[in-house]
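Chain by chain, the residues run as shown.
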Amino acid sequence: MNPQMDDTGQKIRVAVVGASGYTGMELLRLLINHPAVEITALTSESYADSPIEEVLPSLFGMLKLTCKKFDPREVAKHADVVFLAVPHKTAMAAAVELLPLGVKVIDLSADFRLRDPAVYRQWYGADHAAPELLKEAVYALPEFYRQQLTTARLAAAPGCYPTAVLLGLFPLLKREVVDPCSLVIDAISGASGAGRKLDLPLHFAELEGNVKAYKVACHRHMPEIEQELSRCIGRDVMVTFTPHLVGTVRGILATITATLVTSKDVKELRTLYQSWYQDEPFVRILPDGRFPETKQVRGSNFCDIGLAVDARTRRVIVVVAIDNLVKGASGQAIQAMNVMMGLDERTGLRLPPLFP
Ligand SMILES: NC(=O)C1=CN([C@@H]2O[C@H](COP(=O)(O)OP(=O)(O)OC[C@H]3O[C@@H](n4cnc5c(N)ncnc54)[C@H](OP(=O)(O)O)[C@@H]3O)[C@@H](O)[C@H]2O)C=CC1
Ligand SMILES: CC(=O)N[C@@H](CCC(=O)OP(=O)(O)O)C(=O)O
């Protein structure tokens, strides 16, 4: 098959719901260069009837489309695939309206990530609008659910922190190299992880020069991480997860520590990771002595992983970096779309990081 077309030889018509936000914007930045895609519809509630190049001046001259208020019939008329880049709770209502109209839906929010509606209610404070769809939705981490994505009509793009943590931990847990009760995760995010909406702690004067822990022991990504780790090894896993906000724009750096239950040295662990991810285009296992940096992945779909072993404490330290808006959101969603539409998974995503 021509890797630049779907199996009918047509361009894939794509709509972005929530085009005015950060992940919507990032979807457009990447999709504009995607050779198999035509962007056909954009929605925004606050900027209805505004040309996108006015809403997002960085796209001036690159995309001649006007944002409309969300109308599922209008969106479905113009699209084969719809990305939902809107807040939790809004996304599930939109998916319920869109799916019967025959489009594929890729949701960037958390609405279809958790499989148990009771867990969703506990962490998101609302009843799920479509619990039956939770069974159908595929958790869109292509490195682990590639096969399921090939036939999916509803994909739930993982959260940004879970993406980094799961890619960093799966090989260790699958190969039973660490004690699953010993997982401690410290992760740092830039402010774009919180979206574009106005919020006092994100004001320049409060954010610049600051680093702080937040939602300590109660972040809603904890159940998402635990769900996927538990599925990975077939028994319940709990983690200690501490997110931090730092005064920068993009990037997540996650440092994961776990107690080794076998006497593996760092060379053996690196070999394990290299073989685990050898066919993965977006996971890079760094060589001995090198550790990931957010600036080395910025603007790209890469997930960089570095490893160390502290022989004194018998703990392994896994450091992971991603760009929260790319591999942590929009790039990953496009990667999932490529799989769902039978395209080469790398299409439109072969971007070197933006450095310095
Ligand atoms: N930022 C990140 O790093 C990541 C974000 N996500 C998830 O992706 C989704 C989008 O996040 P992000 O782009 O950062 O958020 P933003 O706040 O930047 O954008 C949200 C978008 O949704 C629209 N919107 C807001 N409220 C409503 C509503 N009630 N009904 C319809 N549309 C609404 C907004 O604009 P308008 O008012 O113009 O319609 C805007 O286009 C969220 O669910 C978020 O959790 C996931 C992974 C990473
Ligand atoms: C810095 C910051 O505020 N980050 C966000 C993570 C956003 C994200 O990736 O994920 P969701 O789609 O699950 O909202 C937070 O902690 O809520």
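So, how was this worked out
- Residues numbered from 1 in each chain as written.
- Chains lettered and ligands numbered in written order.
- Predicted model: local features only at pLDDT ≥ 70, side-chain atom pairs only at ≥ 80, totals over all residues.
- Heavy atoms only, no water.
- Helix = DSSP H or I, 4+ residues; strand = E, 2+ residues; numbered from the N terminus.
- Buried < 20%, exposed > 50% of the residue type's maximum accessible area, 1.4 Å probe, protein only.
- Polar contact = N/O pair within 3.5 Å; in protein donor to acceptor, adjacent residues only side chain to side chain.
- Domains from an automatic or database assignment.
- Contact = heavy atoms within 4.5 Å.
- Buried area = accessible area lost by both parts, 1.4 Å probe.
- Salt bridge = Lys/Arg side-chain N within 4 Å of Asp/Glu carboxyl O.
- Nonpolar A, V, L, I, M, F, W, Y, C, P; charged D, E, K, R; others polar.
- Near = heavy atom within 4 Å.
- Core = buried A, V, L, I, M, F, W, Y, C linked by side-chain atoms within 4.5 Å.

## Some remarks on unusual backbone geometry
Phase 1: Backbone torsion omega between Phe 355 and Pro 356 reads 5°, so that peptide bond is classified as cis.
Phase 2: Note on placement: Pro 356 falls in the segment after α12 (326-340).
Phase 3: Despite not being glycine, Lys 215 has its phi angle at roughly 45°, a positive value.
Phase 4: Its place among the elements puts Lys 215 in the loop between β9 (211-213) and α10 (221-233).
Phase 5: In this structure Lys 215 comes out as partly exposed when scored by relative accessible area, which is 42%.
Phase 6: Notably, Arg 314 is not glycine yet its phi reads approximately 55°, a positive angle.
Phase 7: For Arg 314, the location among the structural elements is in the loop between β13 (303-310) and β14 (315-322).

## Topic: the side chain of Glu 345
Phase 1: Looking at the element boundaries, Glu 345 is found in the segment after α12.
Phase 2: Owing to a relative accessible area of 12%, Glu 345 belongs among the buried residues under this scheme.
Phase 3: A distance of 2.8 Å separates polar atoms of two side chains, one belonging to Glu 345 and the other to Gln 335.

## Regarding the domain arrangement of the chain
Phase 1: Entries for the chain in the domain assignment read domain 1 (12-136) and domain 2 (161-324).
Phase 2: Taking only C-alpha atoms, the centre of domain 1 and the centre of domain 2 are 27 Å apart.
Phase 3: Across the boundary between the two partners, domain 1 contributes 15 residues, which contact 14 residues of domain 2.
Phase 4: With both chains or domains summed, domain 1 and domain 2 bury close to 1,200 Å², and 51% of this area falls on carbon and sulfur atoms.
Phase 5: If you sort the residues of domain 1 by the area they bury against domain 2, Tyr 22, Arg 113 and Trp 123 come out on top, with a joint share of 46%.
Phase 6: Linking domain 1 with domain 2 are two salt bridges, by the criterion used here.
Phase 7: With a shortest N-O distance of 3.0 Å, Glu 224 and Arg 113 are connected by a salt bridge.
Phase 8: Between domain 1 and domain 2 we count seven residue pairs in polar contact (both at pLDDT 80 or more) in total.
Phase 9: Listed by contribution, the elements that provide at least two residues to the side of domain 1 that touches domain 2 are α1 (22-31) and α5 (117-124).
Phase 10: With four residues, α1 is the single largest residue contributor to the side of domain 1 that touches domain 2.
Phase 11: Residue composition of the side of domain 1 that touches domain 2, by class: eight nonpolar, three polar and four charged.

## Observations concerning the site of ligand 1
Phase 1: Around ligand 1, a shell composed of 27 residues is seen, among which Ser 20, Ser 44, Glu 45, Ser 46 and Arg 196 lie nearest.
Phase 2: One nitrogen or oxygen atom from the side chain of Ser 20 is found 2.7 Å from an oxygen atom belonging to ligand 1.
Phase 3: Between an oxygen atom of ligand 1 and a side-chain N or O atom of Ser 44, the distance comes to 2.5 Å.
Phase 4: Mapped onto the shell around ligand 1, the elements with two or more residues apiece are α1 and α12.
Phase 5: Partitioned by chemical class, the residues of the shell around ligand 1 number nine nonpolar, 14 polar and four charged.

## Structural notes on the nonpolar core
Phase 1: Core analysis: the biggest nonpolar cluster contains 90 residues, and Leu 28, Leu 42, Phe 83, Leu 229 and Ile 305 have the highest contact counts within it.
Phase 2: Looking at this core element by element, the count peaks at ten residues for helix α8 (residues 160-174).
Phase 3: Both domains that meet at this core, namely domain 1 (12-136) and domain 2 (161-324), each give it at least three residues.
Phase 4: Excluding residues within four positions of it along the chain, Leu 42 makes contact with Val 16, Ala 19, Leu 28, Ile 52, Leu 63, Leu 65, Thr 66, Cys 67 and Lys 68.
Phase 5: Val 75, Ala 79, Leu 133 and Ala 137 belong to the second-largest nonpolar core, a separate cluster that totals 28 residues.

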